[in-house]
Amino acid sequence: MTSIIGPASFKFFGIFPAAILSLIIPIIGVGYFAYIIARRLAPLVRSAPDSRFDNPIARARNLIVVCLGQIRQPRYMLAGVLHIFIFAGFLILSIRSTSLVVIGFSDGFVLPGFGGAIGSIYNFFKDYAATFVLIACIVAAVRRGIFKPARYAVPEKYGKDHTAEAVFVLGIISTLMISESLFEASEIAYAYQQTGEVHFLAPLSLVWIFKSMLSGAPLGFLQGLHVFTYYIHDFAFFFFLCFLPMGKHFHVITSFPNVLFMRVKTGNIKPVAHGVAEDQLDDLESFGVKYLEDFTWKHMLDFYSCADCGRCSDQCPANAVGRPLSPRFITIKARDLMFKNYPLSGEIYKSNLLVEDIYSEDEIWSCTTCGACEQECPLGIEYIDKMVDLRRGMVDEGMVPQSLQKPLKALEKRGNPYGKMEKKRADWAKDKEFKAEYTIKDLAKDEADTLYFVDSITSYDDNIQEIARRTSIILQKADVDFGILGKQEKDSGAEVLRFGEEMLFQDLKEQNIEAIEESGVKNIVTADPHAYNVLKNDYKGLPEVKHISQVVAQKVASGALELKPCQAPDKVYVYHDPCYLGRHNSVYEDPRKVLDAIDGLTRVELEKSRDRSFCCGGGGLMLFYEPEEETRMGVLRVNMAAEAGANVIVTACPFCLVNIQDAIKVAGKEGEIEALDFTELVEQHLA
Amino acid sequence: MTQIFAYIPHQNGVAEDIAMEYPAAAQKIDASASLTAIVTGSGADLDAVVNEMTSIYSEVIKIDNADLAYPNAEVVRKALVNIIPGDAVFLTAHNTLGMDMAPGLSVKMDSAYAADIVDIEGIEGSTLKMIRQELGGAVSTHVESDISNGAVLTIRPGSFAPVEGGSAGGSITDKSSDAGDLSVKRKFLEIVEAEVGDVDITKSDVLVSIGRGIEDEENIEIAQELAEAMGAVVSCSRPIVDAKWLEKSRQVGTSGQTVKPKVYMAMGISGSFQHLGGVKGNPFIVAVNKNPKAPIFQVADVGIVEDILDFMPELTESIQDL
Amino acid sequence: MEILVCVKRVPDTAENEFELNSAGNDLDRDDLVYSVNEWDNYAVEEAIQIVDKVGGNVTVVTVGDDESEEVLRREMAMGANDGVLLCDDAFEGSDGKGIAALLKAEVEKGNYDLIFTGAQADEGAGQVGGMLAAMLDLPYASLVNKIDASDGGTITVGREIEGGNQEMNEIELPCVISIQTGINEPRYVGIRGIRKVAKVEIPVKGASDLGIDGGSVGDAGAKTKRVDYFVPDLGDGAEMLEGSTEEIIEQLIEKLKAKGGL
């Protein structure tokens, strides 16, 4: 009657104590791992500062919900559920793996607290965890290796396919699961043969199956298997640990800090340099990101953390229309550069100008800053701030396409991108029919409670001026005491900031803040989500800012505004979420509530709506940029609306209106489908 | 009595249209002035032009020199300084040769200089009153030059009514030997011809020509549809080529192609003179522009104040329905 | 290569809608926005690119008032090394020759291999470059849209001529070149760039510094003078078609049929 010999007491060839090997493997493994991590931290040490220690409650919440809770995973159902299984299995098995390492030199070791009932319960779950992880790995490997979902494909210009690495890692994980289960099963089978002792095992778990298979195996085989699978597991475990920081599986480690430090506020753009006040910006030697080390440490951590899941690019409208931008590769290319410039041994290389070396100018200008990528990333990787930082660097180097130079110069000289005269900014109010009935207060002369911030496109674009007039009529009807800044108003600079022309933005912002403060208003209303966002999130110290849809929703709820029954009840309406109202500011329900308050209005939802809304093509300076693309974002959006069975697309943003109106023409859907601004719909239905 | 000399630009043995326009300009300067054509060049081509000019001008000066075979402005200027009397009024076209040669000529002659003249009001004493444009044609100006020591004027092509060639029976004076030393520090090498595109806009009777009003590259399709319906070809103004939306060979204007269609549809084209300089043969011009103040309406036969992006598709549809 | 680029501050045609004043004889200048002449901006970019390639210095010079310093700074922010402002009451009202004479005086104070001007400016005359060259007895090429500056004593330039063709010339240095738009893609200059050069000293030179007799330039020396501005009478303009779009199209189609357009 003998019991099986554990690795701590086992002697190879009867002489050499295996315990020594059990000690050497972890020492080398942990030591090498520590060395790799130290090298991987080197670029972060040289990076730009970042401010990520604020708002601990929101950060803790993200850690629990986004990281541990994997809340964003099921947005892609199959991949998400597989990941949740593997992730949960990893968490459960991490305890077992830790004790297994110690078992190598201390027979029968159990972690403190895992001796009695807790240990038995743990073992029960652990056995299933290993089983589920193995199944998940097999499904995942089949999916990646055989079915190959399109979003994992690597276009030729971005290098080689990543499938091999993915499948290899799934193989390592499977090896860990199988070896751990065999290690345990061989011990139990041995004990059963020797003593007849029946050990309770989770039915149909991997261990249970292996034990059943091994119950008749020779004792010598079981002894050998026991020690062999231990070292397979031990070796695979430390190999895996050191392999993680070599590629996309680094996220297994970095996802915890990355989610902890992820963006907690939305809508705003990061300052040029953390810790440098706006009035000291002139003293900075250089602006934005030009070289690798100009990224902040969090942005570098982002690069390390990318799991290559492709969800960002799958949601990216620029990628969808064939612009030369795929957010996934913004990250992958930077990560590859970090690995190349900071090798595991030897000299550290200096980076070239990023926008020439790994990125192209068009790639960086192609982003509409819609935020779909960030909304989707399960790891909290950011893109908008990086795009803006790269653009800041390009602007500082003078690398601005001619098509953008003209509007930027006009903004500098005239405060609007069209180069129209300042004194004509309020000409929309001079429309004959409108003027006969309505007078708009100029806050330079009159006083009012509320400022209606019009912004450039609504002030100057012949077609869009209608939004200004309708907004004014709605506000007047709702008894809001409001006025405009007239020629004192400058472009809000929302896109100037996002296109990287920081100092011009600062200039516009200062002029607007001064005019707003002088006007003495207590509230601000705008019908332009880009203005709404920038005033709310990038300006500081202004009175409360509301979008017109919020005001209308509130006034309808309180009964201050009454809406007539639907004027075109046979039409089918769909609401398109503007990025800067929805995703960046979470205003999803107010516009919908107002539409639904119109009696008899039939409304359908787009499949891509709310935080998955699809950008219409971008606002502000994006209208001037001439991207390389196969189709227009707006055209894709109009087709989505048509598929949803709608014939009226209601939006709440002047840029969406321009883009969608245009896209309807390009898509050849005139007469079938029309675009309508929220204010127009509401004004038509004012009782 | 004012002496006026007119420099005749020519190509392949044929004088450019401006040759027919100088007499009207000279007439407006001083009806009693003498007008002499100057033709520089070499060989048979030169003789052909000189002969052609005798039907328009009563006096034609011919300067024949191998160095003048190609009109290198540096060489032409050097020759002219030796030929033109100091107090004369010298006219040349405001074209790429005139712009290259004339300013320096006025310095060498120490005379007054006025460029790109679109109209002339006449002489008062020694003051010549003229009209030109500034700011890309947005405004016109009256200018006055003191011509007591002569003047060099560049005349905008197409600004003065052309005279019919008749039987002036002009005399030819060969002043080749007076041209003097023609060595210069700039050597003409070659002409690099503009790339010929897939269509030859100069061969089309109807052109749908687009300008800034097209706003976006994608909208070019709208113009193409109209052109197709009309059996026309799409041409454009310079900004469209600068934006690389259409190839250079489709550009109408002084820096592009010269076209002679029967009908010219100017869609969203403001109508700078550089553009109109490329529209010859007095076509029927239809201008559509949303800016009622666009200069194109001054030269068009028919004007329509509309946004071309709305107007063109409707016109296309109506034509297709015919 | 030492390059001097002559620049001018002009009303910005892209951003202005020009209107006459109430008297009707001058532009309404209250709302005008000024910037560097577009052609000059291309010239400065070209100069910077040449110097980046073969070495040297770029100097920008302008004739104007205090406010013209703004355009010098913008061009210096682009990358020009030095700026010079030629400013004197006596210079006011200069015609093309007056400006050229002032520039000549400044050119002679330096040792330039290349002198650039824009092909034309707000007045649309395109005269100063050619005059300056003649005054300096240097060779000249106008409307240049390509420069190959790799050779020693000469450069090859392409002139944009009629028909979209390019006239290639070999020209000896030093020389004067007028630059046509489209020769390059000028880099962007933002407010930040201008602020960086805000404190760089820009020498201001008057008539005595240049050794010029004030009476020979400015209004006193001008042989050609602008009398006034006006908007020409649109008398014989187009026949304007009016009415609804359908009515307009109907009329237009009739006319097109008559003229052979359909």
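Computed from a predicted structure; not experimentally measured.

Criteria and cut-off values
Residues numbered from 1 in each chain as written. Chains lettered and ligands numbered in written order. Predicted model: local features only at pLDDT ≥ 70, side-chain atom pairs only at ≥ 80, totals over all residues. Helix = DSSP H or I, 4+ residues; strand = E, 2+ residues; numbered from the N terminus. Rg over C-alpha atoms; globule rule 2.2 N^0.38 Å. Buried ≥ 20, exposed ≤ 12 C-beta atoms within 10 Å, placed from the backbone. Pairing = 2+ DSSP bridges. Contact = placed C-beta atoms within 7 Å. Axes fitted to C-alpha atoms, helices over the stretch in contact; angles between N-to-C directions. Domains from an automatic or database assignment. Nonpolar A, V, L, I, M, F, W, Y, C, P; charged D, E, K, R; others polar. Expected span 1.5 Å × (residues − 1). Parallel < 35°, antiparallel > 145°, perpendicular 65-115°, else oblique. Left-handed = near helix turned anticlockwise from the far one by under 90°.

**Focus on the overall build of chain B**
For step 1, the next point in the chain: Of the regular secondary structure elements, chain B holds nine helices and 17 strands.
For step 2, the next point in the chain: A compact globule built from 322 residues would reach a C-alpha radius of gyration of about 20 Å, and chain B, at 22 Å, matches this within 12%.
For step 3, the next point in the chain: For chain B, the C-alpha atoms occupy an extent of roughly 65 × 40 × 40 Å along the three principal directions.
For step 4, the next point in the chain: Counting only residues that meet the buried cut, chain B has 52% of its 322 residues in that class.

**Some details on the sheet that holds strand 12 (residues 186-192) of chain B**
For step 1, the next point in the chain: Spatially, the ten strands line up as an open sheet ordered 12(B)-9(C)-8(C)-7(C)-10(C)-6(C)-1(C)-4(C)-5(C)-11(C), and their pairing is mixed. Each of the sheet's edge strands pairs with one partner strand only, and the pair in question is strand 12 of chain B together with strand 11 (204-205) of chain C.
For step 2, the next point in the chain: Relative to strand 1 (residues 2-7) of chain C, helix 1 (residues 38-54) of chain C is tilted by about 170°, and along the sheet it contacts strand 1, strand 4 (57-63), strand 6 (114-118), strand 7 (140-148) and strand 10 (175-179) of chain C.
For step 3, the next point in the chain: The sheet strands contacting helix 2 (residues 69-78) of chain C are strand 1, strand 4 and strand 5 (82-86) of chain C, and the helix crosses strand 4 of chain C at an angle near 165°.

**Description of the domain arrangement of chain B**
Residue and element names in this part refer to chain B.
For step 1, the next point in the chain: Along its sequence, chain B is carved into domain 1 (3-178) and domain 2 (201-321).
For step 2, the next point in the chain: Each of domain 1 and domain 2 has a C-alpha centre, and these two points are 32 Å apart.
For step 3, the next point in the chain: On the domain 2 side, the residues contacting the six residues of domain 1 number five residues.
For step 4, the next point in the chain: For the side of domain 1 that touches domain 2, the residue count by class is one nonpolar, four polar and one charged.

**Looking at the interface of chain C and chain B**
For step 1, the next point in the chain: With 65 residues of chain C in contact, the opposing surface of chain B contributes 67 residues.
For step 2, the next point in the chain: Elements that contribute at least two residues to the side of chain C that touches chain B include exactly helix 3 (96-109), helix 4 (128-136), strand 7, strand 8 (154-160), strand 9 (166-172), strand 12 (224-230), strand 13 (239-240) and helix 8 (245-259) of chain C.
For step 3, the next point in the chain: Sheet analysis places strand 9 (residues 139-146) of chain B next to strand 12 of chain C, joined by six bridges and oriented antiparallel. Note that in strand 12 of chain C the partner of S145 of chain B across the bridge is T224 of chain C.

**Comments concerning the environment of D146 of chain B**
For step 1, the next point in the chain: Here D146 of chain B is to be found in strand 9.
For step 2, the next point in the chain: Residue D146 of chain B is classed as partly exposed on the basis of its C-beta count, with 16 C-beta atoms lying within 10 Å.
For step 3, the next point in the chain: Taking C-alpha positions, D146 of chain B is 9.1 Å from G125 of chain B, a pair spaced 21 residues apart along the chain.
For step 4, the next point in the chain: Not counting residues within four places of it along the chain, the set of residues in contact with D146 of chain B comprises A112, S126 and T127 of chain B together with K223 of chain C.

**Brief notes about unusual backbone geometry**
For step 1, the next point in the chain: Note the cis peptide between L173 of chain C and P174 of chain C, where omega equals -10°.
For step 2, the next point in the chain: The phi dihedral of D308 of chain A falls on the positive side, at around 65°, and the residue is not glycine.
For step 3, the next point in the chain: Here D308 of chain A is to be found in the loop between helix 9 (297-305) and helix 10 (311-315).
For step 4, the next point in the chain: The phi angle at D479 of chain A is positive, at roughly 60°, despite the residue not being glycine.

**Some words on helix 22 (residues 502-519) of chain A**
Since the α-helix turns once every 3.6 residues, residues separated by three or four places project in the same direction.
For step 1, the next point in the chain: The first and last C-alpha atoms of helix 22 of chain A sit 25 Å apart over 18 residues, in line with the 26 Å expected at 1.5 Å per residue.
For step 2, the next point in the chain: Along helix 22 of chain A, the residues that are buried comprise E502, M503, L504, F505, Q506, L508, K509, N512, I516 and S519 of chain A.
For step 3, the next point in the chain: Contact partners of the buried residues in helix 22 of chain A: helix 16 (384-396), helix 17 (402-414), strand 4 (450-453) and helix 21 (494-498) of chain A together with helix 5 (191-196) of chain C.
For step 4, the next point in the chain: One or two steps after helix 22 of chain A, the chain reaches G520 of chain A, where phi turns positive at roughly 70°.

**Section: the packing of helix 24 (residues 548-558) of chain A against helix 25 (residues 589-596) of chain A**
Residues and elements named next belong to chain A.
For step 1, the next point in the chain: Two numbers describe how helix 24 lies on helix 25: the axes approach to 8 Å, and their chain directions differ by 50°. Judged on the interaxial angle alone, helix 25 and helix 24 are oblique. Our pair here, helix 24 against helix 25, has a crossing hand that is left-handed. Contacts between helix 24 and helix 25 involve S549, Q550, V552, A553 and V556 from the first element and D590, P591, K593 and V594 from the second.
For step 2, the next point in the chain: In terms of residue class, the contact of helix 24 with helix 25 is made up of five nonpolar, two polar and two charged.

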